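# Topology and contacts: notes
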Amino acid sequence: MNKIIYLDAAASALKPDSVIKAERDFLQKSYANSGRGVCARSVAVDNMVKHAREKVAEFINAESNQVVFTSGATDGLNRIVNILTSQPWYNPSANFAVSDLDHHSARLPWEALLHHGKIRKLIKCDLDKNLDIAIDSIPKTDFFVITAMSNVLGRAQDVKSIIAAARKKNPNVITIVDASQYVVHNKINVQEWDCDFMVFSGHKIGADTGVGVLYIRDTKKYFPDKFGGGMVLSVADMAHAKESRGGWIYQNCSSCWVTADAPEKWEAGTLPLTQIVGLVPAIDYLESNRPNLDLIKYLYDELSKIKRVKLLTLRDSALLSFIVDGMHPLDIGALLGVRNICVRVGNMCASWVHKYLGVPGTVRISVGAWNTMDDVIQTAEIIKQIVK
Ligand SMILES: Cc1ncc(COP(=O)(O)O)c(C=O)c1O
């Protein structure tokens, strides 16, 4: 049987040995919970979490207390909505802006607010001729969800200019960047972007599932959205609470309590420690092994020779999406699948861009550091045989 050719990095990346080893070593040799113990092992785990946080902070050019560990991008994107809508100053007559590049995880939490009457209006930014967010169409908005790279079109957006244009219209706009795909191919610089929130998932950069990063710029501005162990500094009387260093004081409860500072105030409950341990080698690996996009260019050139194939992405994109005249994407996925070639087919949880393109679904090929030129030569050959 042929070896598997895994061309679905944009869904989830395969894991480098360094990640697997770091997680195994942690589980076998140094496992304990974090933020709870005083024994040497617990302290060592606290230090590991601290180190991972510093690593992520450096990776995205943030301060380490602005880095919150979540369970993934979807979790982060939902939490941002929960955080914002639970602030005393939140006003349901606000509006929010989106674009058709959005993944369901970025936009549905906001659309659910519309359904519940908790926000007034959705405003859509236009796309330009390259299907990038048209900077001259950026509206005046209170909240702005920006997809830094579509998981269907694979083009890096000019996030800095997009945010600058939004701030020109409303200096108080709150900007939320979904960097889930962007992070795989480009360096993130949250300070340069000037964003308020940013998310990505660990599993797309070679770390494990179950860990994500949420960047929060204004660590003191927001009440927390989740409550439990680890996020509260003291549950005591008012005098004691006032003396406590830290975040927000909660009164009129069974006792008076005060939250910890960021980032702990955002991290109620036990963290995904094993996955956090794996994040550090995953970042190291990614930084020196970004996917080779020449493989995508090769496929682009080969598939553009097939008459029935319609390419939907540009040659310099980070991935390749296409449809075939007279064939359903699911059939193509299945025909490639039985030949041990793994691609993604369907709407990729990005219905709006498919609607914009006027197609119900696409076939998507995306590469990771493990893919070779031979993989794409074989794939192009097999697609030619299937499509003819
Ligand atoms: C652009 C984009 N945003 C958000 C997500 C959601 O990521 P996760 O499923 O890891 O939470 C994905 C995953 O495919 C994505 O591609």
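Residues numbered from 1 in each chain as written. Predicted model: local features only at pLDDT ≥ 70, side-chain atom pairs only at ≥ 80, totals over all residues. Heavy atoms only, no water.

## Considering the pattern of salt bridges
Side chains carrying opposite charge are able to pair once their charged atoms draw close together. Across all of its chains, the model carries 22 salt bridges by this definition. As a salt-bridge pair, aspartate 8 and arginine 364 come within 3.3 Å of each other at their nearest N and O atoms. With aspartate 8 in the loop between strand 1 (5-6) and helix 1 (17-30) and arginine 364 in strand 16 (residues 362-365), the pair connects residues that are 356 residues apart, well separated along the chain. Of the two residues, aspartate 8 and arginine 364, both sit in the buried class. Sharing partners across several salt bridges, the network here consists of Asp100, Asp102, Arg107, Glu111 and Lys124. (Salt bridge = Lys/Arg side-chain N within 4 Å of Asp/Glu carboxyl O. Helix = DSSP H or I, 4+ residues; strand = E, 2+ residues; numbered from the N terminus. Buried < 20%, exposed > 50% of the residue type's maximum accessible area, 1.4 Å probe, protein only.)

## Section: the packing of aromatic side chains
In the structure shown here, the tally under the stated rule is 14 aromatic pairs. Note on phenylalanine 227 and tyrosine 250: the rings are 5.8 Å apart at their centroids and 85° apart in plane angle, and the pair reads as edge-to-face. Here phenylalanine 227, found in the loop between strand 8 (212-216) and strand 9 (232-236), pairs with tyrosine 250, found in strand 10 (residues 249-250); they are 23 residues apart in sequence, far enough to count as distant. Aromatic side chains phenylalanine 227 and tryptophan 257 sit 5.9 Å apart centroid to centroid with 75° between the ring planes, which places their arrangement in the edge-to-face category. Here phenylalanine 227, found in the loop between strand 8 and strand 9, pairs with tryptophan 257, found in strand 11 (residues 256-259); they are 30 residues apart in sequence, far enough to count as distant. Relative accessible area serves as the criterion here: at 19%, tryptophan 257 is assigned to the buried category. (Phe/Tyr/Trp six-rings, centres within 6.5 Å; stacked < 30°, edge-to-face > 60°.)

## Concerning the site of the ligand
Around the ligand lies a shell formed by Ala73, Thr74, His103, Ser105, Asn151, Asp178, Ser180, Gln181, Ser201, His203 and Lys204. The separation between a nitrogen atom of the ligand and a polar side-chain atom of aspartate 178 is 2.6 Å. At 2.6 Å, a side-chain N or O of serine 201 approaches an oxygen atom of the ligand. In isolation the ligand offers 390 Å² of accessible surface; the protein chains occlude 86% of this area. (Near = heavy atom within 4 Å. Polar contact = N/O pair within 3.5 Å; in protein donor to acceptor, adjacent residues only side chain to side chain. Areas by Shrake-Rupley, 256 points an atom, 1.4 Å probe, with all protein chains shown as cover.)

## Section: the layout of surface pockets
Approximately 310 Å³ is the volume attributed to the largest pocket. Looking at the largest pocket, it is lined by 16 residues, and the ones nearest its centre are Gly35, Val49, Arg53, Glu264 and Glu267. Looking at the lining of the largest pocket, its residues break down into 3 nonpolar, 6 polar and 7 charged. The computed volume of the second largest pocket comes to approximately 270 Å³. Considering every element that reaches the lining of the second largest pocket, the biggest residue donor is helix 3 (residues 73-85), with 3 residues. Split into classes, the residues belonging to the lining of the second largest pocket amount to 7 nonpolar, 9 polar and 4 charged. Each of domain 1 (5-15 + 290-387) and domain 2 (17-228 + 267-285) gives at least three residues to the lining of the second largest pocket. (1 Å grid on protein atoms, 1.4 Å probe; cavity = no way out; pocket = protein on both sides within 12 Å on 5 of 7 lines; lining within 4 Å. Points joined across faces, edges and corners; volume = space filled by probe spheres on them. Nonpolar A, V, L, I, M, F, W, Y, C, P; charged D, E, K, R; others polar. Domains from an automatic or database assignment.)

## Some points on the domain arrangement of the protein
Partitioning the protein into domains gives domain 1 (5-15 + 290-387), domain 2 (17-228 + 267-285) and domain 3 (232-259). Relative placement of domain 1 and domain 3: their C-alpha centres are 54 Å apart.

## Quick notes on the packing of helix 1 against helix 2 (residues 40-60)
As a packed pair, helix 1 and helix 2 sit with axes 12 Å apart at the nearest point and diverge in direction by 160°. Classified by the angle their axes make, helix 1 and helix 2 are roughly antiparallel. Seen from above, helix 1 lies across helix 2 with left-handed handedness. The segment helix 1 lies against helix 2, with Phe26, Lys29 and Ser30 engaging Arg41, Val45 and Met48. (Axes fitted to C-alpha atoms, helices over the stretch in contact; angles between N-to-C directions. Parallel < 35°, antiparallel > 145°, perpendicular 65-115°, else oblique. Left-handed = near helix turned anticlockwise from the far one by under 90°. Contact = heavy atoms within 4.5 Å.)

## Let's talk about the side chain of arginine 364
Among the residues examined, arginine 364 registers a relative accessible area of 1% and is labelled buried. Reaching out from arginine 364, the side chain makes a polar contact with the side chain of aspartate 8 at a distance of 3.3 Å. Among the polar contacts listed, one links the side chain of arginine 364 to the backbone oxygen of asparagine 151, at a separation of 2.9 Å. Residues within four places of arginine 364 in sequence aside, it is in contact with Leu7, Asp8, Ala10, Ala11, Asn151, Leu319, Leu320, Ser321, Val343, Arg344 and Met348.

## Description of the environment of methionine 373
Assignment of secondary structure puts methionine 373 in helix 13 (residues 373-387). Here the alpha-carbon distance between methionine 373 and tyrosine 298, two residues 75 residues apart in the chain, equals 8.4 Å.

## Observations regarding the sheet that holds strand 15 (residues 344-346)
The 4 strands are arranged 12-13-16-15 in an open sheet whose pairing can be described as antiparallel. Each of the sheet's edge strands pairs with one partner strand only, and the pair in question is strand 12 (309-311) and strand 15. Pairs of neighbouring strands in the sheet enclose a mean axial angle of 30°, with direction left out of account. Examined bridge by bridge, strand 13 (residues 320-324) and strand 16 share 3 bridges and lie antiparallel to one another. Its bridge partner being in strand 16, leucine 320 is matched across the sheet by isoleucine 365. Relative to strand 13, helix 10 (residues 294-303) is tilted by about 20°, and along the sheet it contacts strand 12, strand 13 and strand 16. (Pairing = 2+ DSSP bridges.)

## Thoughts on the packing of helix 2 against helix 9 (residues 273-288)
Remark: helix 2 packs on helix 9, axes separated minimally by 9 Å, with the N-to-C direction vectors making an angle of 35°. Relative to helix 9, the crossing made by helix 2 is left-handed. Along its contact with helix 2, which presents Val45, Met48, Val49, His51, Ala52, Lys55, Val56 and Phe59, the element helix 9 presents Leu273, Ile276, Val277, Leu279, Val280, Ile283, Asp284, Leu286 and Glu287. Considering only residue class, the contact of helix 2 with helix 9 consists of 13 nonpolar, 1 polar and 3 charged.

## Quick notes on the nonpolar core
Ranked by size, the top nonpolar core spans 62 residues in total, and within it Ile60, Phe69, Ile188, Trp193 and Met198 carry the most contacts. The element that contributes the greatest number of residues to this core is helix 9, accounting for 8 residues. Leaving out residues up to four positions away in the same chain, isoleucine 60 has contacts with Val67, Ile188, Asn189, Val190, Met198, Phe200 and Tyr215. The next biggest cluster of nonpolar side chains, apart from the first, holds 27 residues, and it includes Met327, Val343, Val367 and Ile382. (Core = buried A, V, L, I, M, F, W, Y, C linked by side-chain atoms within 4.5 Å.)

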